[in-house]
Amino acid sequence: MSAVPGGPPDAAPSPGAAAKGTPVPTAPGALPLLGHALPLLRDPVGLLQSIRAYGDIVRVRIGPAQVYVLNSPALVRQVLAADVETYRKGSFNERFRPYQGDSLFTIDGPGHRRRRRVVQPAFHRDRLKTYAEVMREVAATRFAGWTEGRPIDVGAEMYALTSEVVARVLFGGEIGSERIARIQRWLPVFVRGMGRKVVTPAGWLDRLPIPANRRFDAAQHGLRTLVDGLVREQIAARGPLKESEEAGETGGEERQEGRGGRERGDLLSLLVGSRDPESGRPLSATQLRDETMTFMTAGIETVATTLTWLHHELAVHPEVRTRLLDEVDTALGGRPAGFDDLPSLPYTRSVVRETLRLHSPAWMLTRRPTAPVRLGTALLPAGAELLFSPATLHRDPAIYPRPAEFLPGREHEESGPAPCGHGGDRPADAARPPYLPFSTGPYKCVGDHFALTQLALTVATLAQRWRLESASARAPREIAGAALSPDRVVMTPRQRDHQAV
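What this report covers is the structure whose coordinates are included nearby. Just so you know, these numbers come straight off a predicted model, no measurement behind them.

Checked against the element boundaries, Thr-162 lands in helix H9 (residues 154-171). The exposure class of Thr-162 is buried, given its relative accessible area of 0%. Within the structure, Thr-162 has its side chain in polar contact with the backbone oxygen of Tyr-159 (distance 3.2 Å).

Spelled out as structure tokens, the structure:
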């Protein structure tokens, strides 16, 4: 059969060709010199979806560079979760380094494993329960300030909400409203500017003295200065390293106390007090800054974008909204939602998961093999740039029937490494369809459960008080930047009879 509809049948490869690897097809439409750069700039997700029919691996040219796009769930799983030692993060992650430094998002290999062991305890279940109280309180306060019938920019509201949540979780109650307001002002400018620079890297454009560059530079400088100051304050408050810590002899219990100070419970305090399990050394001030900046940008952008898409989908699917509201009313009975209520909100969590499938914030991931690799029947050289899109895999009709429809209750992998493959009667290379909003394998997002908790609690808290109705008949347009975001969603809050007390 042909890999391309209407194309000629593919000939079976000869044994010699199989040993060398079969040729990788090139996507149509490449221009001289530019390759596929223009369609990638105009509509990158649309281009990636359009080349699915040309094979499990398709070559795309961006100027002189070649990128291999993986369309097969089995091959993506091989790269992300099976042959993980063979691959390192690719150019997409590297482009974030000037803005997020050497953080979990940009580093790989042994350095990533060591850093993850240091950071992971800050996201354990007992910590999530503490963070959940902050999530609920901030959401309840924010939603109480809305006015019946007055339209709101949902994206801006969710950005402000998630910015405050992340600021209070990261820095504790001592951060103060003035510094939170600065984070809320700077962060959207920084994240959107970073996304633009990463997706369309052109150094000479970044140096032009245009208003967009000046706003970005001011926002980046303001955020870094603020975070550096908060890190210094936290390190100073905890006191100097103990003699045993200087020698790398810190034990498990001492790691909780850190530099001789008392544990405050906010996330930055936990990171300052954490130690490398092997060396016993703490994170440096620069490493703390880089991890904090990364958590701020990823934690806020992912959750705010998903909440915006979710409430748009609820407005255009009233039957889904009615079922969600009924579940919230029945499970909570008018009392505030808490961490322990999440198991009683399965449909709410299913709505969250379906939003993350249809509108996956992580629309592009890249990897590079450190040695020649065989993927399917293709043999790719060391250093080849591999690209795959969670957004396009989630919308593949061969994997998810009726993929463009919003259908909570689909089979999703909610937690743990999500195996990539086909489900049901489809080829059984894994038990479940690919579900990659947070990636999978050793580089899976360390804050995935934080995001899922905040999403479900925020949705439940809003549902107790308000019903959001679309203020425009126009469907939001996708913008591919640091995340796959809607351009603008304006909705009108309508008061509900049942409210949390």
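The subject of this paragraph is the packing of aromatic side chains. Both the distance between ring centres and the angle between the ring planes are used here to describe each pair of aromatic rings. Within this structure, the stated rule accounts for 11 aromatic pairs. Judged by centre distance (6.4 Å) and plane angle (85 degrees), the ring pair of Phe-123 and Phe-450 falls under edge-to-face. Remark: Phe-450 occurs in helix H20 (residues 448-465) and Phe-123 occurs in the loop between helix H7 (109-119) and helix H8 (125-144); sequence separation between them is 327 residues. The same class applies to Phe-123 as to Phe-450, namely buried. Stacked on the ring of Tyr-400, the Lys or Arg Arg-357 has its end atom at 5.2 Å from the ring centre.

This brings us to the pairing of strand E12 (residues 490-495). Bridge count for strand E4 (residues 152-153) against E12 is 2 bridges, and the pairing is antiparallel. The residue of E12 that forms the bridge with Ile-152 is Met-491. Sheet analysis places strand E9 (residues 466-470) next to E12, joined by 5 bridges and oriented antiparallel. From the neighbouring strand, Ser-470 faces E12, where its bridge partner is Met-491.

The next thing to look at is the nonpolar core. Counting 129 residues, the largest nonpolar core has Phe-171, Phe-190 and Leu-375 as its most contacted members. For this core, the element with the highest residue contribution is helix H16 (residues 285-316), accounting for 11 residues.

Of note in the backbone geometry, Leu-33 takes a positive phi value of approximately 70 degrees without being a glycine. Along the chain, the position of Leu-33 falls in the loop between helix H1 (15-20) and helix H2 (37-42). Given a relative accessible area of 76%, Leu-33 falls into the exposed group.

What follows covers the environment of Thr-458. Relative to the elements of secondary structure, Thr-458 occurs in helix H20. Along the primary structure Thr-458 and Met-135 are separated by 323 residues, whereas in three dimensions their C-alpha atoms are 7.2 Å apart. Beyond its immediate stretch of four places on either side in the chain, Thr-458 contacts Phe-143, Leu-161 and Leu-307.

Calculation criteria
- Residues numbered from 1 in each chain as written.
- Predicted model: local features only at pLDDT ≥ 70, side-chain atom pairs only at ≥ 80, totals over all residues.
- Heavy atoms only, no water.
- Helix = DSSP H or I, 4+ residues; strand = E, 2+ residues; numbered from the N terminus.
- Buried < 20%, exposed > 50% of the residue type's maximum accessible area, 1.4 Å probe, protein only.
- Polar contact = N/O pair within 3.5 Å; in protein donor to acceptor, adjacent residues only side chain to side chain.
- Phe/Tyr/Trp six-rings, centres within 6.5 Å; stacked < 30°, edge-to-face > 60°.
- Lys NZ or Arg CZ within 6 Å of the ring centre and 35° of its normal.
- Pairing = 2+ DSSP bridges.
- Core = buried A, V, L, I, M, F, W, Y, C linked by side-chain atoms within 4.5 Å.
- Contact = heavy atoms within 4.5 Å.

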